[in-house]
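Structural characterization, general
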Amino acid sequence: MHPRRVVFAYRVPVHVEVEDGLVSRVTVIDETPISDPTVVEGDAGYLAEAIAAADDGQAWPSWAFGY
């Protein structure tokens, strides 16, 4: 059996901190339900199952980038 892979994108809210005109930190709020996903690469036939697995109601943390 071959592994199935699909990468998809959807909009999520983010919190952006700016200091002295430079972005210093970005926090992705990752608890937003998936809506209107777009396939980026992989097996598009697997999209519905992949979304169900990714959006199964478990509490995901927010992801923060920056210093």
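Bear in mind that the values here come from a model prediction, so they are computed numbers and not experimental data.

1. Thoughts on the environment of aspartate 43
Looking at the element boundaries, aspartate 43 is found in the loop between β4 (38–42) and α1 (47–54). Residue class for aspartate 43 comes out partly exposed when judged on its relative accessible area of 38%. Each C-alpha atom of the pair aspartate 43 and valine 7 lies 8.4 Å from the other, and the pair is 36 residues apart in sequence. Those residues in contact with aspartate 43, other than ones at most four positions away along the chain, are Arg5 and Val6. Within polar-contact distance, the side chain of aspartate 43 engages the backbone nitrogen of glycine 45 at 3.0 Å.

2. Things to note about unusual backbone geometry
The phi torsion of most residues other than glycine is negative, and most of the peptide bonds are trans. Look at aspartate 20: it is not a glycine, yet its phi comes out positive at around 50°. Relative to the elements of secondary structure, aspartate 20 occurs in the loop between β2 (14–19) and β3 (22–28). Within the chain, aspartate 36 stands out as a residue other than glycine whose phi angle is a positive 50°. Of note, aspartate 36 is situated in the loop between β3 and β4. Since its relative accessible area comes to 70%, aspartate 36 is described here as exposed.

Conventions and cut-offs
Residues take numbers from 1 onward in each chain, read along the sequence in its written order. Two thresholds apply to this predicted model, a pLDDT of at least 70 for residue-level local features and 80 or more for giving and counting side-chain atom pairs, whereas whole-chain, interface and lining totals are computed over all residues. Remark: hydrogens and water are excluded; side-chain values derive from all non-hydrogen atoms of the structure. Under the scheme used here, helices are H or I runs from DSSP no shorter than 4 residues and strands are E runs no shorter than 2 residues, and both carry numbers assigned from the N terminus. Per-residue accessibility, obtained with a 1.4 Å probe over protein chains only, is compared with the maximum for each type, and a residue is labelled buried under 20%, exposed over 50%, and partly exposed between these values. In this analysis, two residues are considered to be in contact whenever any of their non-hydrogen atoms come within 4.5 Å of each other. Under this definition, polar contacts are N or O atom pairs within 3.5 Å; protein pairs additionally need one hydrogen-donor-capable and one acceptor-capable atom, and for neighbouring residues in sequence, both atoms have to be side-chain atoms.

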